[in-house]
Amino acid sequence: MSEAEVFSPGDDVSSSGDMGLVVVGAGGRMGQTLIRAIHDIDGVRLAGAIGRPGSPHIGRDAGEVAGVGLLGVSITDDPLPVFAAAEGVLDFTTPAATVEFAMLSAQARIVHVIGTTGCSEADDEKIRAAARHAVIVKSGNMSFGVNLLAVLVEKAAKALGPDDFDIEILEMHHKHKVDAPSGTALLLGEAAAEGRGIDLASQSVRGRDGHTGARENGTIGFATLRGGSVIGDHSVILAGTGERITLSHHAEDRTIFARGAVKAALWARGRKPGLYSMRDVLGLNE
Ligand SMILES: NC(=O)C1=CN([C@@H]2O[C@H](COP(=O)(O)OP(=O)(O)OC[C@H]3O[C@@H](n4cnc5c(N)ncnc54)[C@H](OP(=O)(O)O)[C@@H]3O)[C@@H](O)[C@H]2O)C=CC1
Ligand SMILES: O=C(O)C1=N[C@H](C(=O)O)C[C@H](O)C1
């Protein structure tokens, strides 16, 4: 879509045609990438753009901020009327903001695609509650490659038992990232735990320092690196005696996440309320 329309509350948005999507966190790294993706992909249009109250982006044109020229959609800090006139929300913000947006999406009974990472168990509980009324797709990574990698990790972890292979997950991201381990590392850890039939929370080791003692069999280790402009590198290492298998993914462009989020919104359109994953969207659970 080259030209986005702005709808008013009460307009009929339930009809077929391009899906009207709102980007929250519109001025952020992913927010801008999402606006560009919506601009490029057929079947969707930018229905609104939300920024943090007090952000210097409020009042500016979303397309201009994202570098695709004027789209006629101003970034606002008042989400409710914008959600009411849209069919879906793409959300890569912060856990606190995402919980608020999930409640508003439930009120508006629309699709909410959540890429935000670093959510606590209490945040996830509120998102699950919102999914009684909203159609929510949440994933620590929206790319096809990582979700396929998760399937491979699950299979490898199942085939290579804890007496013979130790599982370690290594991730590196840019220096601005605020949460660790990354949502993707945790998603891959969950896949490994699923393959092994164990509970990740009780079996994970988050970093080591000092005299740690020998590695405990069956645990899943996480190591985090931060620096520069790395978009997202993840490796799952299965270390045996005398051999090592490494399953890796390297993100080279944030567009892979944005395209995945748009795909998730289109998949979720018209579905019944609930909490879905990217593996559901991509048909990788079958
Ligand atoms: N699942 C996936 O595939 C991916 C997930 N992510 C995750 O997405 C999240 C965002 O990443 P990134 O884009 O790099 O981070 P940024 O910090 O660049 O963007 C976050 C944006 O959210 C805005 N924001 C914060 N609070 C609010 C609010 N209450 N209302 C509206 N906007 C708000 C921020 O505004 P301000 O700057 O003014 O504070 C900022 O523009 C992270 O959790 C990251 O891990 C990232 C890439 C892929
Ligand atoms: O913050 C990021 O940038 C990214 N966050 C996600 C994560 O926490 O795994 C996905 C991607 O790796 C980029």
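Residues numbered from 1 in each chain as written. Chains lettered and ligands numbered in written order. Predicted model: local features only at pLDDT ≥ 70, side-chain atom pairs only at ≥ 80, totals over all residues. Heavy atoms only, no water.

J.: Help me understand the sheet that holds strand β9 (residues 220-226), please; the structure alone is not making it clear to me.
T.: The strands making up a sheet associate through hydrogen bonds between their backbones, and the pairing can be parallel or antiparallel. Reading across the sheet, the five strands line up as β8-β9-β7-β10-β11 and stay open at both edges, with mixed pairing between neighbours. In the strand order of this sheet, the two ends are held by β8 (204-206) and β11 (244-251), each with one partner. Taking each pair of neighbouring strands and ignoring which way they run, the sheet shows an average axis angle of 15°. The pairing of strand β7 (residues 166-173) with strand β10 (residues 232-239) spans seven bridges and is classified as antiparallel. Paired with I169 across the two strands is V236, which belongs to β10. The strands touched by helix α6 (residues 144-159) within the sheet are β7, β10 and β11, with β11 carrying the most contacts at an inclination of about 165°. (Pairing = 2+ DSSP bridges. Helix = DSSP H or I, 4+ residues; strand = E, 2+ residues; numbered from the N terminus. Axes fitted to C-alpha atoms, helices over the stretch in contact; angles between N-to-C directions. Contact = heavy atoms within 4.5 Å.)

J.: Looking at this model, I keep getting lost on the site of ligand 1. Mind explaining?
T.: Around ligand 1, the structure places 22 residues, and the nearest of them are R29, M30, R52, T117 and M142. Considering ligand 1 on its own, with 920 Å² of exposed area, one finds that the protein chains cover 77% of that surface. Listed by contribution, the elements that provide at least two residues to the shell around ligand 1 are α1 (29-40) and α4 (95-108). Considering only residue class, the shell around ligand 1 consists of six nonpolar, 13 polar and three charged. (Near = heavy atom within 4 Å. Areas by Shrake-Rupley, 256 points an atom, 1.4 Å probe, with all protein chains shown as cover. Nonpolar A, V, L, I, M, F, W, Y, C, P; charged D, E, K, R; others polar.)

J.: What is the right way to read the site of ligand 2 from this model?
T.: Taken together, T117, G140, N141, H173, H174, K177, S182, G183, T184, I231, H234 and F257 make up the full set of residues near ligand 2. Note that an oxygen atom of ligand 2 is positioned 2.6 Å from one of the side-chain N or O atoms of H173. Across the shell around ligand 2, the residue classes tally to two nonpolar, nine polar and one charged. The two domains that each donate at least three residues to the shell around ligand 2 are domain 1 (19-142 + 255-282) and domain 2 (144-253). (Polar contact = N/O pair within 3.5 Å; in protein donor to acceptor, adjacent residues only side chain to side chain. Domains from an automatic or database assignment.)

J.: It is not clear to me how the domain arrangement of the protein should be interpreted in this structure. Could you clarify?
T.: Think of interface size as the accessible area that goes away when the parts come together; that is how it is often given. Its domain assignment divides the protein into domain 1 (19-142 + 255-282) and domain 2 (144-253). Taken together, the contact pairs 13 residues of domain 1 with 18 residues of domain 2. If you sort the residues of domain 1 by the area they bury against domain 2, R29, N141 and R279 come out on top, with a joint share of 42%. Between domain 1 and domain 2 we count one salt bridge in total. One can count eight residue pairs in polar contact (both at pLDDT 80 or more) joining domain 1 with domain 2. Listed by contribution, the elements that provide at least two residues to the side of domain 1 that touches domain 2 are α9 (255-268) and α10 (278-281). With three residues, α9 is the single largest residue contributor to the side of domain 1 that touches domain 2. The class makeup of the residues in the side of domain 1 that touches domain 2 is five nonpolar, six polar and two charged. (Buried area = accessible area lost by both parts, 1.4 Å probe. Salt bridge = Lys/Arg side-chain N within 4 Å of Asp/Glu carboxyl O.)

J.: Sorry if this is basic, but what is going on with the UniProt feature "active site" (unreviewed entry) in the protein here?
T.: What UniProt calls "active site" (unreviewed entry) maps, in this numbering, to H173 and K177. On the secondary structure map, H173 appears in strand β7. Not counting residues up to four positions away in its chain, the partners in contact with H173 are S182, L225, R226, G227, V230, I231, G232 and H234. Position of K177 among the secondary structure elements: in the loop between β7 and α7 (183-196). (UniProt positions renumbered as here; feature names shortened; annotations may be inferred.)

J.: I tried to follow the environment of P181 on my own but got confused; where do I start?
T.: With respect to the helices and strands, P181 occurs in the loop between β7 and α7. Each C-alpha atom of the pair P181 and R279 lies 20 Å from the other, and the pair is 98 residues apart in sequence.

J.: Looking at this structure, I do not really get the pairing of β7. What am I missing?
T.: Regular strands place their side chains on alternate faces of the sheet. As paired elements, β7 and β9 share seven bridges and run parallel to each other. Directly across from H173, in β9, lies its bridge partner R226.

J.: What is the right way to look at unusual backbone geometry in this model?
T.: Omega for the peptide link from A180 to P181 comes to -10°, which places this bond in the cis form. Of note in the backbone geometry, R109 takes a positive phi value of approximately 55° without being a glycine. Look at R109 and you get exposed, because its relative accessible area is 54%. (Buried < 20%, exposed > 50% of the residue type's maximum accessible area, 1.4 Å probe, protein only.)

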